[in-house]
Amino acid sequence: MESHAKLSLVAPAAVPPVAPVPVVNEPAKASRDVADKFSSYRLVIEEGPSLGTFVYKTLDNATGEVIRQFPREQVLRLAEARQYSAGSVIDTSA
């Protein structure tokens, strides 16, 4: 018993041309947007109240306002308090 399969090829239908999509360098554009946004800020590093500590401040160039500070003002005041000692803020008893 011999079987012969016939193979027929059909030409594909014509596909209309697709217009090329413009390539936009999104990462570069995003980088420029971020740079433009943050170019109005500056970083100031000051010596902290304790020996060997530093305070990092982000300032608005136009107003001089402190946008962000590390460590925060509350933490600096806490560290300067007489009754403060390292670890005294956290209760480690179970």
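Residues numbered from 1 in each chain as written. Predicted model: local features only at pLDDT ≥ 70, side-chain atom pairs only at ≥ 80, totals over all residues. Heavy atoms only, no water.

1. Comments concerning the pairing of strand E1 (residues 41-47)
Working step 1: Where E1 lies against strand E2 (residues 54-60), seven bridges are found, and the strand directions are antiparallel. Among the inter-strand pairings, tyrosine 41 is bridged to a residue of E2, identified as aspartate 60. (Pairing = 2+ DSSP bridges. Helix = DSSP H or I, 4+ residues; strand = E, 2+ residues; numbered from the N terminus.)

2. Some points on the sheet that holds E1
Working step 1: Across the sheet, three strands lie side by side as E1-E2-E3; this open sheet has antiparallel pairing. Taken across any chain shown, the strands that pair with only one partner, and hence form the sheet edges, are E1 and strand E3 (66-70). Along the sheet, successive strands turn relative to each other by an average axial angle of 20 degrees, direction set aside.
Working step 2: Of the pairings in the sheet, the one linking E2 to E3 comprises four bridges and is antiparallel in character. Paired with threonine 58 across the two strands is arginine 68, which belongs to E3. (Axes fitted to C-alpha atoms, helices over the stretch in contact; angles between N-to-C directions.)

3. Section: the pattern of salt bridges
Side-chain pairs of opposite charge can arise whenever the charged atoms involved come near each other.
Working step 1: All chains considered together, the criterion is met by one salt bridge.
Working step 2: Residue glutamate 46 is joined to lysine 57 by a salt bridge in which the shortest nitrogen-to-oxygen separation is 3.3 Å. Taken as a pair, glutamate 46 in strand E1 and lysine 57 in strand E2 lie far apart in primary sequence, eleven residues in all. (Salt bridge = Lys/Arg side-chain N within 4 Å of Asp/Glu carboxyl O.)

4. Concerning a nonpolar patch on the surface
Working step 1: A contiguous nonpolar patch, built from Leu43, Ile45, Phe54, Tyr56 and Phe70 and spanning about 560 Å² of accessible area, is present on the exposed surface.
Working step 2: Mapped onto the nonpolar patch, the elements with two or more residues apiece are E1 and E2.
Working step 3: Checked against the element boundaries, leucine 43 lands in strand E1.
Working step 4: For leucine 43, a relative accessible area of 57% corresponds to the exposed category. (Patch = residues over 30% accessible without salt bridge, like charges linked within 9 Å, V, L, I, M, F, W, Y side chains within 5 Å. Areas by Shrake-Rupley, 256 points an atom, 1.4 Å probe, with all protein chains shown as cover. Buried < 20%, exposed > 50% of the residue type's maximum accessible area, 1.4 Å probe, protein only.)

5. Examining the pairing of E2
Working step 1: Here E1 hands over to E2 after six residues, with glycine 52 in that stretch at a positive phi of 80 degrees.
Working step 2: Here E2 hands over to E3 after five residues, with glycine 64 in that stretch at a positive phi of 80 degrees.

6. Let's talk about the environment of glutamate 65
Working step 1: Take glutamate 65: it is sitting in the loop between E2 and E3.
Working step 2: Sequence-distant contacts of glutamate 65, defined by excluding residues within four places in its chain, comprise Thr58, Leu59 and Asp60. (Contact = heavy atoms within 4.5 Å.)

7. Describing the side chain of aspartate 60
Working step 1: As for its placement among the helices and strands, aspartate 60 is situated in strand E2.
Working step 2: For the buried aspartate 60, no salt bridge is present, and the opposite-charge side chain at shortest range is arginine 42, 8.1 Å distant.
Working step 3: With sequence-adjacent residues up to four places away left out, aspartate 60 is seen in contact with Ser40, Tyr41, Glu65 and Ile67. (Lys, Arg positive; Asp, Glu negative; His and termini not counted.)

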